[in-house]
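Analysis of the macromolecular model
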Amino acid sequence: MVKLIGSRKIRTAVFISGTGSNFRNLLKFSTLKKSPIKIICVISNNSKAKGLKYARNYKIKKIILKFTDKKNDEKKILLKLRKNKINLICLAGFMKILSANFIKRFNGKILNIHPSLLPKYKGLDTHKRAIQNNEKFSGCSVHYVSAKLDSGKIILQKKVKIFDKDTPKTLAKRVLKQEYILYRKALTKIFPNL
Ligand code: GRF
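Now for a look at the structure at hand. Note that residues are indexed from 1 along each chain, following the sequence as it is written. Where local features are concerned, this predicted model is filtered to residues with pLDDT of at least 70; where side-chain atom pairs are given and counted, the filter is 80 or more; whole-chain, interface and lining totals use all residues. Computation of side-chain values: all heavy atoms of the structure, hydrogens and water removed.

1. Focus: helix H1 (residues 21–30)
For clarity, the threshold we go by: Exposure categories follow from relative accessible area, calculated using a 1.4 Å probe and restricted to protein chains: below 20% of the type maximum is buried, above 50% is exposed, and the middle band is partly exposed. Only DSSP runs of H or I covering at least 4 residues are called helices, and only runs of E covering at least 2 are called strands; the numbering of each starts at the N terminus. Contacts between residues were defined by any pair of non-hydrogen atoms, one from each residue, lying within 4.5 Å.
Of all 10 residues making up H1, eight are buried, and the element is well covered by its neighbours. If you follow the buried residues of H1, they end up packed against strand S1 (10–16), strand S2 (37–44), helix H2 (53–57), strand S4 (88–91), strand S5 (110–114) and helix H6 (168–190).

2. Describing the side chain of Ser138
Summarising the element assignment, Ser138 is placed in strand S6 (residues 137–144). Overall, Ser138 belongs to the buried group, its relative accessible area being 3%. If sequence neighbours within four positions are ignored, Ser138 has contacts with Pro115, Ser116, Leu117, His127, Ala130, Lys158, Lys159, Val160, Ile162 and Leu171.

3. Focus on the nonpolar core
Where we set the bar: By nonpolar core we mean a set of buried residues, namely Ala, Val, Leu, Ile, Met, Phe, Trp, Tyr and Cys, connected to one another through side-chain atoms within 4.5 Å.
Core analysis: the biggest nonpolar cluster contains 36 residues, and Leu111, Tyr183 and Leu187 have the highest contact counts within it. In terms of residue count, H6 provides more of this core than any other element does, seven residues in total. Those residues in contact with Leu111 that sit more than four places away from it in its chain are Leu88, Ile89, Cys90, Leu91, His143, Tyr144, Val145, Ile155, Tyr183, Leu187 and Ile190. With 21 residues, the next largest nonpolar core counts Phe67, Phe94, Phe102 and Ile110 among its residues.

4. Description of the site of the ligand
Spelled out, the test is: It suffices for a single heavy atom of a residue to lie within 4 Å of a molecule or strand for the residue to be listed as near it. Definition of a polar contact: a pair of N or O atoms within 3.5 Å, with one able to donate and the other able to accept a hydrogen when the atoms are protein atoms, and with sequence-neighbouring residues admitted only if both atoms are side-chain atoms. Throughout this entry, Asp, Glu, Lys and Arg are counted as charged residues, while Ala, Val, Leu, Ile, Met, Phe, Trp, Tyr, Cys and Pro are counted as nonpolar. The remaining residues, Gly among them, count as polar.
The ligand sits among Thr19, Gly20, Ser21, Asn22, Gly93, Ile113, Pro115, Leu176 and Glu179. Asn22 has a polar backbone atom sitting 2.8 Å from an oxygen atom of the ligand. In this structure, Glu179 approaches the ligand through a side-chain N or O atom, which is 2.7 Å from an oxygen atom. Breaking the shell around the ligand down by element, the ones donating at least two residues are H1 and H6. Of the residues in the shell around the ligand, the class split is three nonpolar, five polar and one charged.

5. Remarks on a positive patch on the surface
Note the cut-off: Note on patches: the residues involved have over 30% relative accessible area and no salt bridge, like charges join within 9 Å, and the nonpolar side chains Val, Leu, Ile, Met, Phe, Trp and Tyr join within 5 Å. Method for areas: the Shrake-Rupley scheme with a 1.4 Å probe, in which residue coverage is limited to the protein chains shown. Counted as salt bridges are all cases of a side-chain nitrogen of Lys or Arg within 4 Å of a carboxyl oxygen of Asp or Glu. In this tally, Lys and Arg are treated as positive and Asp and Glu as negative; His is ignored, and so are the chain termini. Lysine's charge is taken at NZ, arginine's at CZ, aspartate's at CG and glutamate's at CD.
A cluster of basic residues, Lys71, Lys75, Arg82, Lys104 and Arg105, forms a positive patch at the surface. Of all the secondary structure elements, the ones that give two or more residues to the positive patch are helix H3 (70–83) and helix H4 (100–105). Classification of Arg82 as exposed rests on a relative accessible area of 53%.

6. Some remarks on the environment of Asn84
Checked against the element boundaries, Asn84 lands in the loop between H3 and S4. Separated by 72 residues in sequence, Asn84 and Thr12 place their C-alpha atoms 9.2 Å apart. Residues contacting Asn84, with those up to four places away along its chain left out, are Arg11, Ile40 and Lys61.

That's the geometry; what it means functionally is another story.
In structure tokens form, the structure reads like this:
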């Protein structure tokens, strides 16, 4: 867990690759007095990620590194994170897998949101697979990031019912709404005294 000094907010970087609705949710949350985090920058491997537009609205620094040379790009990211005194990373729809070395450097300080009830349905296409397997429930999980994909310690989960008429799209939409609530709750759970 990240050590806190006084009531200072946790300097946070959010990593995204696409739509960024979880990023927007975290930005909105971060403006509330009760939020334990302050978002300093957003990092994206995709210069065309739609979510980057929210950075402008909230005057957040944008850092884009394509991850074509992962080792080098991770090195650059680590430097930027250090320069910006970042203490917490929130992955929010970030589609690249961070190296074990990177994760070690930020051990216990990287969170991710995943659209399934982990340990079920790690990886991609979670909603499609859950529906195909006739699951009655899906959901979302906020967890610490470890070197093994979607396998770090779970912080909080929320169940979402799957209806017969659900498609991956309708289910994703319903789960996404719960993701926004869950990410906020998970942050409040980790940093209860801020
Ligand atoms: C979310 O479902 C998240 O759980 C998953 O990717 C999706 C990203 O959505 N990792 P958005 O970019 O936050 O809108």
